[in-house]
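Observations on the model geometry
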Amino acid sequence: MSFVDLHHGPSPLILPNAWDVGSALVFREEGFPAVGTTSLGLAARDGHADARRSVQHSTERLVHQLLGLGCYVSADIEDGFSDSPADVAEYVHRLKAHGINIEDSTGGSLIDPDLHGAKISSIKETNPGVFVNARVDTYWLGEQATVEFTLERAHRYVEAGADGIFIPGVLEPAEIRAFTTAIPAPLNVLASTVHTSTELGGMGVRRISTGSLPYRAALDAALRVATDARDGRPATRATPYDAVQRMLEGFERTTGETPR
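Structure report, in brief. What you see is a predicted model; the values in this text were computed from it and never measured.

With respect to topology, 9 strands assemble into an open sheet ordered β1-β11-β10-β9-β8-β5-β4-β3-β2, the strand pairing being parallel. Only two strands of the sheet have a single neighbouring strand rather than two, namely β1 (13-15) and β2 (17-18). As paired elements, β2 and strand β3 (residues 34-37) share 2 bridges and run parallel to each other. Considered in β3, the bridge of Asn17 is made with Gly36.

This is how it looks when you write it as structure tokens:
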């Protein structure tokens, strides 16, 4: 089954988002057929805020590492790290990922949809086999956050060659159904604290991304371990050290990754 096929199965594709090799490995070990990256996780790892074009090189390195996992890899490339459609297309060509996620905002503000459409067209011309998931940030930013404006942008991106549309943010069921009905491409939303994947699938959603949630949950778990020790509670149980070590040793053997 191809990466494209995964968006047309009987249930939505669940795409967990990793911030390093270890997090990607546990997702792959659990049997997920595809793994994405999270720009927030990579940015925070390097001491930067998200959506600042700071993770261009770390994203490229991580994607190249994850290509050895034996599953599909989709890269979160923020806004493409450039205003130049040609430069964005060249970056995607270097990535070699099976899919990319590219957002229509820069620095916390929506960009001209024509520019975003030009980026998508350039990517597809240079990389026809890459699944381009075009993100519409209207609801995410609370800017032009209506069905009408969101659909207008989504349709432009599909016309430009986008293979899927990603609308992150808090969406009502009626809005989700409006999008899945009107957009002639698979709709991607974030994992919901309200609706299950089955419920979202029933609304027509074809892909559900975890986004930065696993990374943020890992921060919560790390803090809980430390505060439990400080406050006199028993330590939290976790995957044994030896199991993680064996998993990483297997990755090294498979990919040829050696310490530098």
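Next comes the rest of the description.
Attention now goes to the packing of aromatic side chains. Taken as a whole and assessed by the stated rule, the structure comprises 6 aromatic pairs. Taking 5.7 Å as the distance between ring centres and 40° as the angle between the ring planes, the aromatic pair formed by Phe3 and Tyr72 counts as tilted. With Phe3 in the segment before β1 and Tyr72 in strand β4 (residues 72-76), the pair connects residues that are 69 residues apart, well separated along the chain. A ring pair is formed by Phe81 and Tyr91, whose centres lie 5.3 Å apart and whose planes are at 80°; its orientation type is edge-to-face. With Phe81 in the loop between β4 and α4 (85-95) and Tyr91 in helix α4, the pair connects residues that are 10 residues apart, well separated along the chain.

With that settled, the discussion passes to the layout of surface pockets. Here the largest pocket is characterised by a volume of approximately 790 Å³. As for the largest pocket, its lining consists of 43 residues, and the residues nearest its centre are Trp140, Phe166, Pro168, Gly169 and Leu190. In terms of residue count, β4 provides more of the lining of the largest pocket than any other element does, 3 residues in total. By volume, the second largest pocket is sized at about 450 Å³. Lining the second largest pocket are 16 residues, with Gly22, Val26, Ala238, Thr239 and Val244 sitting closest to its centre. Breaking the lining of the second largest pocket down by element, the ones donating at least two residues are α1 (21-29), α10 (213-230) and α11 (241-255). Tallying contributions element by element places α1 first for the lining of the second largest pocket, with 4 residues. Broken down by class, the residue content of the lining of the second largest pocket amounts to 8 nonpolar, 4 polar and 4 charged.

Conventions and cut-offs
- Residues numbered from 1 in each chain as written.
- Predicted model: local features only at pLDDT ≥ 70, side-chain atom pairs only at ≥ 80, totals over all residues.
- Heavy atoms only, no water.
- Pairing = 2+ DSSP bridges.
- Helix = DSSP H or I, 4+ residues; strand = E, 2+ residues; numbered from the N terminus.
- Phe/Tyr/Trp six-rings, centres within 6.5 Å; stacked < 30°, edge-to-face > 60°.
- 1 Å grid on protein atoms, 1.4 Å probe; cavity = no way out; pocket = protein on both sides within 12 Å on 5 of 7 lines; lining within 4 Å.
- Points joined across faces, edges and corners; volume = space filled by probe spheres on them.
- Nonpolar A, V, L, I, M, F, W, Y, C, P; charged D, E, K, R; others polar.

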